[in-house]
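Listed below are the residues making up each chain.
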Amino acid sequence: MHRVEDDASRPAVELRGVEKRFGSRPILRGVDLAIGRGEVFALLGPSGSGKSTLLKLISGIESPDRGEVWLDGREVTSLPPYRREVHTVFQNYALFPHLNVTGNLEFPLRLAKRPRDEIHARVIAALSWVNLETLAERRVDTLSGGERQRVALARALVNDPQCVLLDEPLSALDPHLRGQTLALLQEIQSRLHVTCLYVTHDREEALRIAQRVGVLNEGRLEQVGTPESVYRSPASAFVAGFVGRINWLEAEVSHEGDRPFARLTGGAAIPLDGQKLPASSKVRIGVRPEDVKIAADGYLLGKVESRQFSGASVELKLSTDAAVLIAELPADGATPQVGEAVRVGWRPGAAHVFARDAETPS
Amino acid sequence: MSRSRGTPWLASPALLYLVVFSVLPTALIVGYSFCERDFYADVKAAFSLEAWRQATDLITLKTLGRSLLLAASVTAIDLLLAYPCVLALARMDRSLRGMFVVLISFPLVTSLLLRIYGWMNLLPLEWRGTLPSVALVMAVNYLPFMVLPLLRAFERLESGVVAAALDLGATPWQAFWRVTWPLTRSGMWAGCALVFIPATGEYLVPRFIGEGHVNVLGTVIVQEFMERRNWPYAAACAVWLMAIVLAPLLGSLVAASRSASIGAARDREPT
């Protein structure tokens, strides 16, 4: 029924060519993904991109139409959820209201038929991971949202699973609790070295917690890489726009000699070194706000439309011939005032160039 | 414990109603059961234990047992019919479920007598006048009272807890017994009470489907009051009926208040 592969470096979770459709609607269109043991992998994507379905394929609540699911070197594609050592932290926590905190934590241990004293020891340890020792006997409906979240986390971890799936775990929390919970999660993970698949549509959460990020769009993994590489070298215009704020400029490729240039609307020309693009093809150029600089030799002439000071940085809205640009400048330097005319530019490497046919978010 | 001490007089109309139409008649019935029988008037105003001697003899106790057996069978049949029905209903989407709920409750808007006459024609001749056929017809009549509270409990079952149980290693069977069952049990008890309590005093179905062969407390009380004019004995039977209904009700009330006070005490503990 399921195959086993012997390999010490085998991934904790692996998807091979996974496809899934609901009716005629394709949800996942051929996803390949390997998550290493002890790794924190964030799956980032907009709602409807197939994130939750992908989680369900791994936990076993759904099964793929095509492709294979492997857990720790074992093929589990057709195994039901209770035969897989994968536990989920649900978005709404899904705690058992008829059991107290201890009862909730004992639930997976009793099903796994752990001996009585081991159950006791594991529950005590799990309570200490999430700082809930004093609430062990409380009914879960008397707990606050943050406390419930930590019970759900402890319940998913207590039976030492091969992988913990976190389905938008912070989305039901108050914003001020999210950072705290994220830090707690990171602390527990670094102590237990448990493999985590963290699903979210919040780019900040994903970039902060993950060792690697996968960006999912319309059922396809568009890019997998470290948070820095996904942010700094996005593989597509979608990824560039989804993992961070970005300014978009429309341009057409032209060659002067053998050096390619991008001719912006308004006439300014930007060198496209190292880019192989056919002449007169349409491109979009993306520049992140923090890469936009005020410089005497800048490519564009712009006028400061508005200026917002926020402590560490100043955000400027600049109107240029090519487009309206947002610039985020460090607040310690001298920043131009509203109405001032400035030259605007960026390092050559800071511009992300994509062929125009690629779709981009606004 | 007294949370709302403010305006107890608001309860006085309801209290008055309760005293005049419930407490006084009940006291009267209990009083009658200790009176002497009078063939021409209702009762003689003289103390007698004759009615209770009769009400604790073998024939009455057998009738009592038959009433309990009938009510318990009806409750059991309804539970067996309602549980799978509700499992299916809970999985339907809202609009379809609403339609089925209306269909299930529909018998409640048609006359009970008409339905009984209908059943008298439907049942095979040899089934008439038997306890099982009485139980069958009563079970059909009471089915909505089992389905509706049970369905309510299933609708309140927080979405995701069953999926969470499966995810944490429960087989579908274990998920049912460890999560679905305990979380819907209260609805089941409510349904059982709503069926069992009126079923113990049922008169119409045993009278017409039983055709005089199925004697239960309900039929005996009517017979003794109306035909044999033995009011003290009929009153004693009515007290029996009340005791049957009240005993489990009081028991559950005591249990509920005890668990509530334990819960309250737990919540007061400093954390």
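Our subject is the structure listed above.
Anyway, here's the lowdown on the structure attached to this text. (Residues numbered from 1 in each chain as written. Chains lettered and ligands numbered in written order. Predicted model: local features only at pLDDT ≥ 70, side-chain atom pairs only at ≥ 80, totals over all residues.)

**Considering the overall build of chain B**
Each helix and strand in chain B was counted, giving eleven helices and two strands. Walking chain B from its N terminus toward its C terminus, one meets helices and strands in the order α-β-β-α-α-α-α-α-α-α-α-α-α. C-alpha atoms of chain B, sized along the principal axes, occupy 75 × 60 × 35 Å. Considering chain B as a whole, with its 271 residues, one finds that 29% of them fall into the buried category. The long-range share in chain B, meaning contacts at least 24 apart out of those at least 6 apart in sequence, stands at 71%. (Helix = DSSP H or I, 4+ residues; strand = E, 2+ residues; numbered from the N terminus. Buried ≥ 20, exposed ≤ 12 C-beta atoms within 10 Å, placed from the backbone. Contact = placed C-beta atoms within 7 Å.)

**Thoughts on the sheet that holds strand β3 (residues 40-44) of chain A**
Residues and elements named next belong to chain A. The sheet built from six strands is open, its strands ordered β6-β7-β8-β3-β9-β10 with mixed pairing. Only two strands of the sheet have a single partner each, and these edge strands are β6 (86-89) and β10 (220-225). Across the sheet, the mean angle from the axis of one strand to that of its neighbour is 20 degrees, orientation sign disregarded. Of the strand pairs in this sheet, β6 and strand β7 (residues 163-167) are connected by four bridges, and their pairing is parallel. Counterpart to valine 89 in the pairing with β7 is leucine 166. Running at roughly 150 degrees to β7, helix α1 (residues 51-59) makes contact with β3, β6, β7, β8 (196-200) and β9 (212-217) of the sheet. (Pairing = 2+ DSSP bridges. Axes fitted to C-alpha atoms, helices over the stretch in contact; angles between N-to-C directions.)

**A short note on the pairing of strand β17 (residues 313-320) of chain A**
Each regular strand shows side chains that alternate between the opposite faces of the sheet. Residues and elements named next belong to chain A. Note: strand β16 (residues 300-309) against β17, seven bridges, orientation antiparallel. Looking at the pairing, valine 304 lines up with leucine 318 of β17. Between the end of β16 and the start of β17, which pair antiparallel, lie three residues, with glycine 311 showing a positive phi angle near 85 degrees. Examined bridge by bridge, β17 and strand β18 (residues 324-330) share seven bridges and lie antiparallel to one another. Of the residues in β18, the one forming a bridge with leucine 318 is leucine 325. Adjacent in sequence and paired antiparallel, β17 and β18 are bridged by three residues.

**Description of the packing of helix α4 (residues 145-157) of chain A against helix α5 (residues 175-192) of chain A**
Residues and elements named next belong to chain A. Relative orientation of the contacting elements α4 and α5 amounts to 20 degrees, with a least axis distance of 11 Å. It follows from the interaxial angle that α4 and α5 lie roughly parallel. In this structure, the crossing between α4 and α5 has a hand that is right-handed. Taking contact as the criterion, the partners of Gly146, Gln149, Leu153 and Leu157 in α4 are, on α5, Leu177, Thr181, Leu185 and Leu192. Looking at the contact of α4 with α5 residue by residue, the classes come out as five nonpolar, three polar and no charged. (Parallel < 35°, antiparallel > 145°, perpendicular 65-115°, else oblique. Left-handed = near helix turned anticlockwise from the far one by under 90°. Nonpolar A, V, L, I, M, F, W, Y, C, P; charged D, E, K, R; others polar.)

**Topic: the interface of chain B and chain A**
Each partner contributes to the interface: chain B provides 17 residues, whereas chain A provides 20 residues. The leading source of residues in the side of chain B that touches chain A is helix α7 (residues 161-167) of chain B, at five residues. When its residues are assigned to classes, the side of chain B that touches chain A shows nine nonpolar, five polar and three charged.

**Section: the environment of B:Pro198**
Residue and element names in this part refer to chain B. Among the structural elements, proline 198 can be located in helix α8 (residues 172-200). Exposure remark for proline 198: the 17 C-beta atoms within 10 Å place this residue in the partly exposed category. The spacing of proline 198 and valine 30 is 168 residues in sequence and 20 Å in space, taken between C-alpha atoms.

**Quick word on the packing of helix α2 (residues 101-111) of chain A against helix α3 (residues 116-129) of chain A**
Residues and elements named next belong to chain A. Two elements in contact, α2 and α3, have axes whose closest approach is 10 Å; the angle formed by their N-to-C orientations is 130 degrees. If you check the angle between α2 and α3, you find them oblique. In this structure, α2 meets α3 at a crossing whose hand is right-handed. Residue-level inspection shows Thr102, Leu105, Glu106, Leu109 and Arg110 of α2 in contact with α3, the latter providing Ile119, Arg122, Val123 and Ala126. Residue composition of the contact of α2 with α3, grouped by class: five nonpolar, one polar and three charged.

**Some thoughts on helix α1 (residues 12-32) of chain B**
Residues and elements named next belong to chain B. Taking 1.5 Å of rise per residue, 21 residues should cover 30 Å, and α1 covers 28 Å from first to last C-alpha, within 8% of that figure. Within α1, the axis deviates most sharply at valine 19, by approximately 40 degrees. Little of α1 sits out of view: just one of its 21 residues are buried. (Expected span 1.5 Å × (residues − 1). Bend = angle between axes of the 7 residues up to and from the residue.)

**Details of the sheet that holds strand β15 (residues 293-294) of chain A**
Read across the open sheet, the five strands follow the order β15-β19-β16-β17-β18 (chain A); overall the sheet is antiparallel. Two strands bound the open sheet, and with one partner strand each, they are β15 and β18 of chain A.

**Let's talk about the environment of B:Phe47**
Residue and element names in this part refer to chain B. Within the secondary structure, phenylalanine 47 is located in strand β2 (residues 43-47). In this structure phenylalanine 47 comes out as exposed when scored by C-beta crowding, with 8 C-beta atoms within 10 Å. Each C-alpha atom of the pair phenylalanine 47 and cysteine 35 lies 4.9 Å from the other, and the pair is twelve residues apart in sequence.

**Structural notes on the pairing of β9(A)**
Residues and elements named next belong to chain A. Burial within β9 is extensive, with five of its six residues counted as buried. Across four bridges, the pairing between β3 and β9 is parallel. Directly across from phenylalanine 41, in β9, lies its bridge partner arginine 212. Where β9 and β10 come together, five bridges link them in antiparallel fashion. Looking across to β10, one finds that leucine 216 is bridged to leucine 221. From the end of β9 to the start of β10, which pair antiparallel, there are two residues, and glutamate 218 there has a positive phi angle of about 45 degrees.

**A closer look at helix α6 (residues 131-156) of chain B**
Helix length check: α6(B), at 26 residues, gives a terminal C-alpha distance of 37 Å against a target of 38 Å (1.5 Å per residue), a fit within 8%. At B:Tyr142, α6(B) shows its strongest bend, of approximately 45 degrees, with the proline B:Pro144 following within four residues.

**Focus: the environment of A:Gly146**
Residue and element names in this part refer to chain A. Counting through the fold element by element, glycine 146 comes out in helix α4. A residue is classified by how many C-beta atoms lie within 10 Å of it, and glycine 146, with 17 of them, is partly exposed. Each C-alpha atom of the pair glycine 146 and glutamine 180 lies 9.7 Å from the other, and the pair is 34 residues apart in sequence. Not counting residues within four places of it along the chain, the set of residues in contact with glycine 146 comprises Leu173, Leu177 and Thr181.

**Notes on unusual backbone geometry**
All names here are of chain A. With a phi angle near 50 degrees, aspartate 72 is a residue other than glycine that sits in the positive phi range. Of note, aspartate 72 is situated in the loop between β4 (66-71) and β5 (74-75). On the basis of neighbour count, aspartate 72 is assigned to the partly exposed category, with 18 C-beta atoms found within 10 Å.

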